[in-house]
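Now for the letters of each chain:
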Amino acid sequence: MTHATGLEELWHSAPPAAAAFDPGGLSTRPAIVREYLAHAIAAGTPLASAVRLRMHGAIRLKRWRKFRAEQVIVREQGMIWRARVRLCAFTIRGEDRFVGGEGEMNWKVLGVLPLLRAAGPDITRSAAGRVAAESIWLPSLLCDDNVWWHDDNGVAQARFAVDGHAAEIALALNHGRVQSVSLARWGNPDGGAFREASFGACVDQEATFGGYTIPARLRVGWHFDDPQRFDREGKFFEVSIDQAVYR
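Residues numbered from 1 in each chain as written. Predicted model: local features only at pLDDT ≥ 70, side-chain atom pairs only at ≥ 80, totals over all residues. Heavy atoms only, no water.

### Some thoughts on the side chain of E134
Phase 1: Of note, E134 is situated in the loop between helix 3 (121-133) and strand 7 (148-152).
Phase 2: Within polar-contact distance, the side chain of E134 engages the side chain of Q71 at 2.6 Å.
Phase 3: Excluding its chain neighbours within four sequence positions, the residues that come into contact with E134 are Q71 and I73. (Helix = DSSP H or I, 4+ residues; strand = E, 2+ residues; numbered from the N terminus. Polar contact = N/O pair within 3.5 Å; in protein donor to acceptor, adjacent residues only side chain to side chain. Contact = heavy atoms within 4.5 Å.)

Here you go:
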């Protein structure tokens with residue numbers, strides 16, 4: 001894959017599922033992880049290599065702005081998030097991506113006038129953290145033997161690699177339902193130097209699509225380890241999943 005890879009190309013590059021989910025094969029995982037995966041994936045569901053999401057919500061760009069977006073996440077290949085954001089009388093179009101081991105942001109006004117383009121090691125490392133957090137939308141990825149699980153006093157910790165970038169996410173669970181996902185993500189939430197900062201999402205609702213039960217309404221942002229600061233200044237993204245297709 002290269003930077004020129006489009007959303008459709010990424011989606012069609014996903015290999016078909018090679019096996020079906022068997023809850024009985026989770027015996028080596030901690031009990032809370034077995035409960036989570038059995039809740040997230042119905043028995044006999046093909047273990048998908050990709051998910052295609054349609055979503056809507058609001059993103060904070062100084063003020064809250066409505067958006068609609070489509071996203072493709074492919075195991076071991078990356079993700080592309082393509083969106084339209086309404087800004088006063090104009091529409092901003094663009095995408096965030098992590099493909100071929102590199103992250104990039106590319107946004108334009110009216111789809112023509114350049115507004116933001118960013119790439120480089122910091123953007124790549126931050127995008128890899130985003131892919132790790134969004135694995136909750138592709139739970140089959142978390143069934144992999146290369147994911148190391150740990151029960152940290154009732155919080156499921158998953159450690160794995162995203163194209164060579166080490167990642168560790170924490171899932172707060174309630175009878176298998178994801179209540180929140182959090183991690184130390186590379187970023188610059190205050191506009192200064194990039195660093196590891198607390199990042200996460202609160203899950204307000206879940207939904208089932210094609211045998212997968214995933215978080216479907218979330219509040220996302222920085223300073224996740226400080227609830228008041230998260231609500232006051234860290235939260236920048238509220239999203240509802242309208243459709244999820246697996247392959």
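### A closer look at helix 2 (residues 31-40)
Phase 1: Taken together, the buried positions of helix 2 are occupied by I32, V33, Y36, L37 and A40. Here the buried residues of helix 2 occupy an arc of 130 degrees about the axis, which is enough to place them on one side. (Buried < 20%, exposed > 50% of the residue type's maximum accessible area, 1.4 Å probe, protein only. Arc of directions from axis to C-beta.)

### Considerations on the pairing of strand 8 (residues 155-162)
Phase 1: Where strand 7 lies against strand 8, five bridges are found, and the strand directions are antiparallel. Residue pairing across strands places H150 opposite Q157, the latter belonging to strand 8.
Phase 2: The antiparallel pairing of strand 7 with strand 8 creates a hairpin that spans two residues between the two strands, and N153 there sits at a positive phi of about 55 degrees.
Phase 3: Looking at chain direction, strand 8 and strand 9 (residues 165-174) are connected through eight bridges and run antiparallel. The residue bridging A161 from the neighbouring strand is A166, located in strand 9. (Pairing = 2+ DSSP bridges.)

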